[in-house]
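Residue-level structure breakdown
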Amino acid sequence: MSEALLNPAQLAAVHHLAGPCLVIAGAGSGKTRVITQKIAKLLSEGYRAKSIAAITFTNKASQEMRERAKHLVGNKAGQDLLISTFHSLGVRILREDGRHLGLKEQFSILDSDDVLSVLRDAGGTTDAATAKSWQWTISLWKNQNLSPQQALAYAKDDMERAAAVVMQRYQERLTAYQAVDFDDLIGMPLRLLQTNDEARGKWQETLRYVLVDEYQDTNAVQYELLKCLVGTRAMFTAVGDDDQSIYGWRGATIENLKKLPVDFPQLKIIPLEQNYRSTGAILRAANNVIGTNPKLFAKTLWSELGEGDPITLVEADGEEHEAERAVARIQSIIASHPTTKFSDFAILYRANHQARIFEQALRRAEIPYKVSGGQSFFDKTEIKDLCSWLRLLVNQDDDPAFLRAVTTPKRGIGHQTLGHLSEFSAKWKLSMFESLFAESLKATLSSKALHGLHEFGRYIVDLEYRARHAVGAEEGKALMMEWLKDISYEQHLIDQEDNEKVAVARWGNVLDFVDWVSKRCGGEISTEGGITTESPRQSLLDVAQTISVILSLAERKEEQDQVVLTTLHASKGLEWPHVVLAGVNEGLLPFKADNDELTPQRVEEERRLMYVGITRARRTLAVSTLRRRKKNRETVVGVPSRFIAEMKLDEGLVKEDPREKLKRMREQFAAKAAASAEKQAQAAKDER
Ligand SMILES: Nc1ncnc2c1ncn2[C@@H]1O[C@H](COP(=O)(O)OP(=O)(O)OP(=O)(O)O)[C@@H](O)[C@H]1O
Ligand SMILES: [Mg+2]
């Protein structure tokens, strides 16, 4: 990549080295590209790699930027660049110079759970909700750079005053533990640089040039830190888009954009107007939506990529139907454009919990995917626990599954016993399960231990028998519930979790899993657009077999070619050729909790989120909305999001006709799968 691939405005931003520079421009206009190119420019101007700091919003974005930089400037220089988030830069400053604040080099960093437990302790409460609300409030204060004393003065009611008092005690405890929380990773370096001339001089000398991506989502403390780092030399470039400011709820403030020209009168502001990412249809929809918000910086964004495909509106009957339609869309696009990869697709949603149904549908279709910026349903501890049992039913020689099942929930079989069993099985080349009933095992184990193991073994054999004969949804479900009761799994979750709410949520996941599995036992009858497909009823063991295969496929595939599932927040800065925006309904996007008020400011931030979502798409965009949706386990009527009307799709819209599309898709996909199987068979033959 060379500078030839920059337009004049981008070039101006890259070449402006005389002072501070702000690139303010819409999505996909090449702001991030300006940053990487500017790094190359700085190196060519004689800046040392170690003296250039580029600050990104997430760790993942840092990694990507480093890769791109290496590509441009070579591995050595690429490695030496200081590319990090504000937080990891903060860690670095504190490790080197935290001693001026009384911090040892090896201080610890508390994660959110640690913070909660310190807060419970400091505030003398066991109530999780109270501790959470303190955590939230204290974090917001810290992001506004308020000390506990200032917070107390600032507190506007009894609740806030209580939080400020807890904040004081919380801070004292952190000092005593030599620990810092995430907010301190910004706040403490700032305090250090503001109060210690030597440290400030050192860091200003070390970092000769600073570049900041996603500037619109910095908070007040980060801005102050940036100011301290660049000092009066003010050698920095910030790039951002006020229309993509989506972290206001976490204390990010658009004020930082307004302050910049005031604090740095010599600031050069460069707008970019050409969008290189999206087709005309997508860009128009994005501009229409964001046009509804009040403007901070006027912007025009145009694209040379042509009108492209119209945007597809999908109206789904419910969440499962929505997921099926998304899967069908992926299959259909791949079938008609054979060079398309799975990694060309992203499914974006507002809230993490929306991922699960998509995961299940993708698994069923054997499409590889990864859940980014959140945990996969199938990676949740409770689901992995249950899957280990199912795997063991299918294949008793699966040692890892055996080990997990025999210890989850705990049944008095200790590590020592299992250690002996493992040695024994290795010696005799048996699986652990096979070893259970070996005569000679008696010699190595106490009769109590042996009894426990035998009991477990017999239970598995019996459960396998019953699973083989539990055919259909009702029987499958009944057997699973019986099994969970036999092993007291719900109690196990309660014992494991201090927090009752979490235990209840985990049990809820278990029930969802039971529903999902038993539905498979029932055989599926799905009717879409007049086509009815029916798969036969199966036994629980058959379904367990399919799940085992799917699980092992998923484990093997640590590959790159995967559909991405991610929240809108985590999708910032990224792009995909094909995007599905899911659950575009009132209540979901804009999001509204039951006792929550949707203020105009909130709607504006949600609208920016919608804008971020639309602008991730390069070639095709499907917006899907639910006619009925689940809310607190009840089904309610789904109202399309106001943002759909704001897209003004009238001319450029197709409504997906499920009947035609589905039929065509199934035929194409089947033909393609058959051709590929044939090719593989031929290749195997040739090899022989
Ligand atoms: N001058 C250019 N010529 C061709 N392609 C470009 C040019 N500038 C940027 N691009 C491409 O356009 C796409 C968007 O660029 P980039 O990600 O830098 O935009 P951005 O402004 O940072 O977007 P976002 O606001 O979403 O973060 C990328 O695929 C990038 O490689
Ligand atoms: Mg970007």
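Each chain carries its own residue numbering, running from 1 in the direction its sequence is written. Chains and ligands are labelled by the order in which they are written, letters from A for the one and numbers from 1 for the other. This being a predicted model, a pLDDT of at least 70 is required before a residue's local features are given, and a value of 80 or more before pairs of side-chain atoms are given or counted; all residues contribute to the totals for chains, interfaces and linings.

To keep it simple, the criterion reads: UniProt positions are given in the numbering used here, feature names are shortened, and annotations may be inferred rather than shown by experiment.
For the chain, the name recorded in an unreviewed UniProt entry is ATP-dependent DNA helicase Rep, with Roseateles aquatilis as its organism. Looking at the Sequence similarities (unreviewed entry) heading of the UniProt record, one finds this comment for the chain: "Belongs to the helicase family. UvrD subfamily." In the Subunit (unreviewed entry) part of its UniProt record, the chain is described as follows: "Homodimer."

Here we look at the packing of helix α17 (residues 381-394) against helix α24 (residues 500-521)
The test is simple: Between the N-to-C directions of two axes lies an angle of 0 to 180 degrees, each axis being a line fitted to C-alpha atoms and, for a helix, fitted only over the stretch in contact. Helical segments are the DSSP runs of H or I of at least four residues, strand segments are the runs of E of at least two, and each set is numbered from the N terminus. Should an angle fall under 35 degrees it is called roughly parallel, over 145 degrees roughly antiparallel, and 65 to 115 degrees roughly perpendicular, with every other angle called oblique. By convention, the crossing between two helices is left-handed when the near helix turns anticlockwise from the far helix through less than a right angle, and right-handed when the turn is clockwise. In this description, a residue-residue contact is defined by the distance between C-beta atoms placed from the backbone, which must lie within 7 Å. All amino acids are sorted into three groups, where Ala, Val, Leu, Ile, Met, Phe, Trp, Tyr, Cys and Pro are nonpolar, Asp, Glu, Lys and Arg are charged, and the leftover types, Gly among them, are polar.
One can describe the packing of α17 onto α24 by two numbers: an axis separation of 9 Å at closest approach and a directional angle of 45°. Taken together, the axes of α17 and α24 are oblique relative to one another. Here α17 runs over α24; the crossing is right-handed. In contact with E382, I383 and L386 of α17, α24 contributes R506, N509, V510 and F513. Partitioned by chemical class, the residues of the contact of α17 with α24 number four nonpolar, one polar and two charged.

A closer look at helix α2 (residues 31-44)
Filter applied, for reference: What a helix should span is 1.5 Å times the count of its residues minus one. Exposed residues have 12 or fewer other C-beta atoms within 10 Å of their own C-beta, buried residues have 20 or more, and partly exposed residues fall in between, where C-beta atoms are placed from the backbone.
Over its 14 residues, α2 extends 20 Å from the first C-alpha to the last, a length consistent with the 20 Å expected when each residue adds 1.5 Å. Here α2 lies mainly inside the structure; 11 of its 14 residues are buried. Buried within α2 we find K31, T32, V34, I35, T36, Q37, K38, I39, A40, L42 and L43. One or two positions beyond α2, positive phi appears at G46, with a value near 100°.

A look at the nonpolar core
Here is the rule: We define the nonpolar core as any set of buried residues of the types Ala, Val, Leu, Ile, Met, Phe, Trp, Tyr and Cys, connected via C-beta atoms lying within 7 Å of each other.
Judged by nonpolar contacts, the single largest core of 70 residues is most densely connected at V23, I39, A54 and V210. Those residues in contact with V23 that sit more than four places away from it in its chain are A13, K31, V34, T237, V239, I270 and L272. I290, I330, I357 and L581 belong to the second largest nonpolar core, which has 58 residues in total.

Description of the pairing of strand β1 (residues 21-25)
The test is simple: A pair of strands is considered paired only if DSSP assigns at least 2 bridges between the two.
A large share of β1 lies buried, amounting to five of its five residues. As defined by bridge partners, β1 adjoins strand β8 (residues 268-272) across five bridges and the pair is classed as parallel. Its bridge partner being in β8, C21 is matched across the sheet by K268. Sheet analysis places β1 next to strand β7 (residues 236-240), joined by four bridges and oriented parallel. Directly across from I24, in β7, lies its bridge partner G240.

Some remarks on the sheet that holds strand β6 (residues 209-212)
If you trace the six strands from one edge of the open sheet to the other, you get β3-β2-β6-β7-β1-β8, paired in parallel fashion. The open sheet has two edge strands, β3 (82-85) and β8, and neither has a second partner. The average angle at which neighbouring strand axes cross in this sheet is 15°, direction not considered. Sheet analysis places strand β2 (residues 52-56) next to β6, joined by four bridges and oriented parallel. Opposite I55, over in β6, you have V212 as the bridge partner. Lying on the sheet, helix α1 (residues 8-15) is in contact with β1, β7 and β8; it crosses β8 at an angle near 150°.

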